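# Architecture at a glance
Listed here are the chains, written in short residue letters.
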Amino acid sequence: MITEALQERETYLNASYGIKSWLLTKDHKRIALLYLHTITFFFFLGGIFATLIRLELLTPKGTLVSADTYSKLFTLHGVIMVFFFLIPSIPATLGNFFLPMMIGAKDLAFPRINLLSWYLLVIGGCFALYAMLAGGVDTGWTFYVPYSSNYSNTYVIATGLGIFIAGFSSILTGLNFIVTVHRMRAPGMTWFRLPLFVWSNYATALIQVLGTPVIAITLVLLICERTLHIGIFDPSRGGDPVLFQHLFWFYSHPAVYIMVLPGLGVISELVSVFAKKPVFGYKVVAFSSVAIAVLGFLVWGHHMFVSGQSVYAGLVFSFLSYFVAIPSAIKVFNWTATLHGGSISYATPMLYAFGFIGLFTVGGLTGLFVACLGVDVHVHDTYFVIAHFHYIMVGGTIMAYLGGLHYWWPKMSGRMYPEGWAKLSALVIYLGFNLTFFPQFILGYLGMPRRYWNYPEEFQVLHVMSTAGASVLAVGYLMPLIYFMWSLRYGPIAGPNPWGATGLEWRTSSPPPAHNFDETPVVTTEAYDYAALAAMEEAKVG
Amino acid sequence: MQEHVDSIKTYTVIFVSLLILTGATTLVATIDLGPLNIVMALLIAVVKMLLVALYFMHLRHSTVLTKVVVGGGMLWLGILLVFSLADFVSRGWLPVPGK
Amino acid sequence: MDSHIELPELQEQFETPEQQREVSTLGMWIFLVTEIMFFGGLFMAYTIYRRAFAGAFGLASNTMDVWLGAANTAVLICSSFTMVLAVRAAKIGSRKALIVFLILTILFGSVFLGIKAFEWNTKFVEHHVPGPTFHLEGASAGDQGPAQIFFSLYFTMTGLHALHMIIGEGLMLFLLWEAYAGRYSPSYYTPVDIGGLYWHFVDIIWIFLFPLLYLIARHQH
C-alpha cells in the first residue's frame, strides 16, 4: 500500500529514466547526487593513500615503499582530499540539493552551468587519475617551486591541469549560489529569514569566486615554467620562489574556509533541530559566516612564516590570524547557548554535531598556537600542523558532512537509515579519529617532521597508536557507505518531516517532486520558528 | 535594468576621450617625471577604465548590487597586491642577519 | 502552476523575463570579477618584479614598438565603441545596425590580433623569448635574467589577453549568427548585452597592459 503510493507519486528520482536523463539533467537535485557519487569515490581513493601512509609509518625505517614513493603518497592524498573531495563536498552535494529548496526556488539561477560544474570536476578528476596511474606526483599538494617547476620528474603538469579544471567547477558553483541567493528567493524570504546553512554556503561562494581564480593563474604559471622554462620562478634568473607561495596561499588559505564554512552551516541547522530551539544570536552567526570569508583572505602569510617572508609581514599576518578565529569562536558559543535549555535529542545527526563542536574547537584552538609566530617557527612542517588541520577537516568538516548526510538522507532518498548502526558508526568514527590524530599533536611538538617516511625510534609508539586509530576510522567510514546503500531498498519509508524541522525543504514530500514545490511558497515566519511550525501542524490536523 | 538608451553622441564623446587619453599616456611617458611616470600612467589607465565601465558597460545605470560586486572585485585585487607588496617592501627593514 | 509566464526564451527556473535578464547580467559581472582575480595574479607578479628589477624592465620594455602598441590600443577602443553601438542597436530593435556593428567589432578584434601576432613574431626573431636563446642587446649580463622575467610576463599577460580576445571573437560570431537569424529584439537581447560586457572587460585589461608593458622608462629616448 505504502509502496504503491510511493510508486504512484512523481518524485525527482522517477520523473524520467535512463542514463541520459541523469547525465544531461538540469535538476539541481540530480546534479547533487551525481556529485555525491563522484566525491564519495574520491574520498575513498584519498583514504587508500592515507592507509598506505599510515602503514608505512608503523615502523621507523622505510619498509613498504621507497622515499620517493612515499612523497607521492602524501601528495596524492592531499591533492585528492583537498581538491576533489573537501572543496566540492558540502556545497556541491547538500548545497546543490537544498539551497534552492531552502529559499523557495525551483532551481539554481543557472542549471546548465551547474551541470557543467559537475562535468568539470569529473574531467579534472580524470587528469588527476591519469597523473596518479601514470606514475604519480611528489611535490606535496602545495607544489612549491623551484622543486615542482625545475626538478621534480613526476606528473606535475597533469595534476596541475586537473586542479585547474576542478577549480572552474568550484568557481561556477560559487557564482551560481551567489546569484541564486540574491535574486531567486521566494516572496517573504528576506535575508534574515534564511536558514543559516544558506548564509554559510553564500559566504563560501564568495570565497570560491574571489580566491579560486588566483590558484588557477598560479597553476598556469607553474605549467608555463615547467614546459617553456620562462623563468618567472627561476632563482638563477631573478625569479622568486616566495612569489609562488604568496600566489598559492592567497587562494589556499581561504580554501580551508571553503572547506569548513559549509560544515559550520550544517551544524547550525543540526543544533537547532535537535535542541528544538532557534539558533541563539541568528544575526551574529550569519554575519560571522561572512566575516570568516572576508578575514580569511587577510591571513595567508601565516603559512609562510619561515619561508623568507619579511618579519614585518609575518607580524601583520600573525596578528590578523588571531582575528579570524573570533567569528568561528562566536559560532561555537552561540551553538552552546542554543543547546542550553533546549529539548535535546541524541539522534545520529546530533551525535555528529556534538563531535564536531568538540573537535572543531580543538582544531581551532591549535590554530591559535600556530598563528603565533614564535610557536610556529618550532612546529611548522611538523605533525603538529598536520594534527591541527585534520582536526578541522576531518574532525570538523567530515563530521559535519556526515551529520548533514544523515539529517537530509530521508529527504533526499525517502528512506530512513538504520539508527542503531548509524549511532555505532558515529561513535567508531569519533574514537578512531581521536586515536589517529591526537598522538600527532604530541609527535609534532616533540619534533616529528611532516612528509618524512622514516623517523627516530622513540616516536614509534605514537605512530603505532595513530595507525591503529586510522584503521578504526576506516571501519567507521565504511559503515555508512554500507548502510546508506542498504537503506535505499530496505530502509523504512520517511515522511516529509521526520525531524520536525522548520526549513522549506521539509514542507514538501520525501523525496521531493522534480519542481521542488507544488506551489511557490510564501514565507511569513522567521527562521527556526518552531512555535509557528507547531501551530501550522495543528491547523492541518484540526 | 536600463530603461534609458544612451545616445550615440554620448558614446562618441566617450570614444574620442578614450583615444585622446591613449595619446596622452603615450606622450606623457616620454617626459621624465621620475617616480610620477608610473603614477600618471596608472591614473590615466584608471580614468579610461572608469569611462569604459561606467558608460560602455552601463555601470552608471546598474543596480547597487552590481556596483558592489565590481567594487568588491577591485578591492580584492587590491588586497592581493597590497599584502604581497607589504612583504617585499619590508624585507631588510629589520637588521636581522639573513633577513 | 503559478505566475510563470509562457515565453519561448524564458527559462523554467525564472518567474519573469525581467528576473532572467537581471540574473544573467549579475552572473556575467560576477564572472568578470573572477577574471579580475585571474589576471590579477599576473599583475601582482608584474608589480613585484618591476619593483625589484626596474632597470632591466625599462630596457626590456624599450624594445617594444610604442606606436604599434598605441595603435593597437586605439583599435581595441574602436572595437569597444562598435560593440556598445551594437548593444544599443539590439536594445532599440535595429537588426541591420546590430549586424553591421557586430561585424565591425569582429573586424577590429581581428586587426588587433593580427598586430599582436606580428609583434610576437618580432620578439621571436629578435631573440627576446625567455630561454637559452635569449639575448637583450644593451643590457648587462646581470640584467639578462630579469629581462627574461619581463618577457615571460609580457608573453603570459598578452597571451592570456589574446586568448580571451579569441574567445571573444567566437562569442561575437555566435551573436552575429543569432542576430542574423532574427533572434534578438528589444524584449530579448540579453546575450548581446552580456557579450558586450565581456568584450569591454577584455578591452579594460589591455588598457592596463599597454602602459605597463610598453611605456616603462620611455623618457630616456
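Computed from a predicted model, the values in this text were never measured in an experiment.

Our focus in this paragraph is the overall build of chain C. The helix and strand tally for chain C stands at six helices and zero strands. Going from the N terminus to the C terminus, chain C shows its helices and strands as α-α-α-α-α-α. Judged by the C-alpha coordinates and their principal axes, chain C covers about 75 × 35 × 30 Å. Counting only residues that meet the buried cut, chain C has 51% of its 221 residues in that class.

The next subject is the overall build of chain B. Per the secondary structure count, chain B includes three helices and zero strands. Ordered by position in the sequence, the α and β elements of chain B form the string α-α-α. The C-alpha radius of gyration of chain B comes to 19 Å, more than 25% above the 13 Å expected for a compact globule of 99 residues. If one aligns the C-alpha atoms of chain B with their principal axes, the spans along those axes are about 65 × 40 × 10 Å. A burial count over chain B gives 28% of its 99 residues as buried.

Domain boundaries in chain B define domain 1 (1–62) and domain 2 (63–99). Placing the centre of domain 1 of chain B and that of domain 2 of chain B at their C-alpha centroids yields a distance of 24 Å.

Our focus in this paragraph is the environment of Lys67 of chain B. All names here are of chain B. Within the fold, Lys67 resides in helix H3 (residues 64–89). Under the C-beta neighbour-count criterion, Lys67 is labelled partly exposed, with 15 such atoms within 10 Å. In this structure the C-alpha to C-alpha distance between Lys67 and Leu54, which are 13 residues apart in sequence, comes to 9.9 Å.

All names here are of chain A. Remark: helix H4 (residues 67–86) packs on helix H8 (residues 156–183), axes separated minimally by 10 Å, with the N-to-C direction vectors making an angle of 20°. By the angle between their directions, the pair H4 and H8 is classed as roughly parallel. Seen along the crossing, H4 lies across H8 with a hand that is left-handed. In this structure, H4 contributes Val79, Phe83 and Phe84 to the contact, and H8 contributes Thr159, Ile163 and Ala166. When the residues that make up the contact of H4 with H8 are grouped by side-chain class, the tally is five nonpolar, one polar and no charged.

Counting residues in hydrophobic clusters, the biggest one holds 276 residues, and the most contacted among them are Ile80, Ile178 and Ala353 of chain A together with Ala86 of chain C. Both of domain 1 (1–62) and domain 2 (63–99) of chain B provide at least three residues apiece to this core. Sequence-distant contacts of Ile80 of chain A, that is, excluding residues within four places in its chain, are made with Phe42, Leu45, Gly46, Phe49, Phe85 and Ala128 of chain A.

So, on to the interface of chain B and chain A. Of the residues lining the interface, 14 residues belong to chain B; the matching set on chain A comes to 14 residues. Within the side of chain B that touches chain A, the residues separate by chemical class into nine nonpolar, two polar and three charged.

All names here are of chain C. A rise of 1.5 Å per residue sets the reference length of helix H1 (residues 17–52), with its 36 residues, at 52 Å; its end C-alpha atoms lie 52 Å apart and thus fit the reference within 8%. By the largest-angle criterion, Gly40 marks the main kink of H1, which is about 30°. Counting buried residues in H1 gives 27 out of 36 residues, a clear majority hidden from the surface.

Examined against the element boundaries, Thr122 of chain C turns out to sit in helix H4 (residues 95–125). In the structure, Thr122 of chain C is positioned 57 residues away from Asp65 of chain C in sequence and 9.8 Å away in space, judged by C-alpha atoms.

Before going further, it helps to spend a moment on the packing of helix H10 (residues 241–273) of chain A against helix H13 (residues 348–371) of chain A. Residues and elements named next belong to chain A. Between H10 and H13, the shortest axis-to-axis distance is 9 Å and the interhelical angle comes to 125°. Judged by the angle between their axes, H10 and H13 are oblique. Crossing handedness for the pair H10 and H13: left-handed. Where H10 approaches H13, its residues Ile267, Leu270 and Val271 are matched on the opposing element by Pro349, Met350, Ala353 and Phe356. Class assignment of the residues belonging to the contact of H10 with H13 gives a composition of seven nonpolar, no polar and no charged.

Attention shifts here to unusual backbone geometry. All names here are of chain A. In this structure, Pro146 follows Val145 across a cis peptide bond, with omega equal to 0°. For Pro146, the position within the fold is in the loop between helix H6 (111–134) and helix H7 (147–151). Across the junction of Ser510 and Pro511, the peptide omega takes the value -10°, indicating a cis bond. By the secondary structure assignment, Pro511 is in the loop between helix H17 (460–490) and helix H18 (530–541). Positive phi, normally seen in glycine, also occurs at Phe143, with a value near 50°. Here Phe143 lies in the loop between H6 and H7. Its identity is not glycine, yet Asn516 carries a phi of approximately 70°, on the positive side. With respect to the helices and strands, the residue Asn516 is situated in the loop between H17 and H18. What makes Asn516 buried here is the crowd of 22 C-beta atoms within 10 Å.

Procedures and definitions
- Residues numbered from 1 in each chain as written.
- Chains lettered and ligands numbered in written order.
- Predicted model: local features only at pLDDT ≥ 70, side-chain atom pairs only at ≥ 80, totals over all residues.
- Helix = DSSP H or I, 4+ residues; strand = E, 2+ residues; numbered from the N terminus.
- Buried ≥ 20, exposed ≤ 12 C-beta atoms within 10 Å, placed from the backbone.
- Rg over C-alpha atoms; globule rule 2.2 N^0.38 Å.
- Domains from an automatic or database assignment.
- Axes fitted to C-alpha atoms, helices over the stretch in contact; angles between N-to-C directions.
- Parallel < 35°, antiparallel > 145°, perpendicular 65-115°, else oblique.
- Left-handed = near helix turned anticlockwise from the far one by under 90°.
- Contact = placed C-beta atoms within 7 Å.
- Nonpolar A, V, L, I, M, F, W, Y, C, P; charged D, E, K, R; others polar.
- Core = buried A, V, L, I, M, F, W, Y, C linked by C-beta atoms within 7 Å.
- Expected span 1.5 Å × (residues − 1).
- Bend = angle between axes of the 7 residues up to and from the residue.

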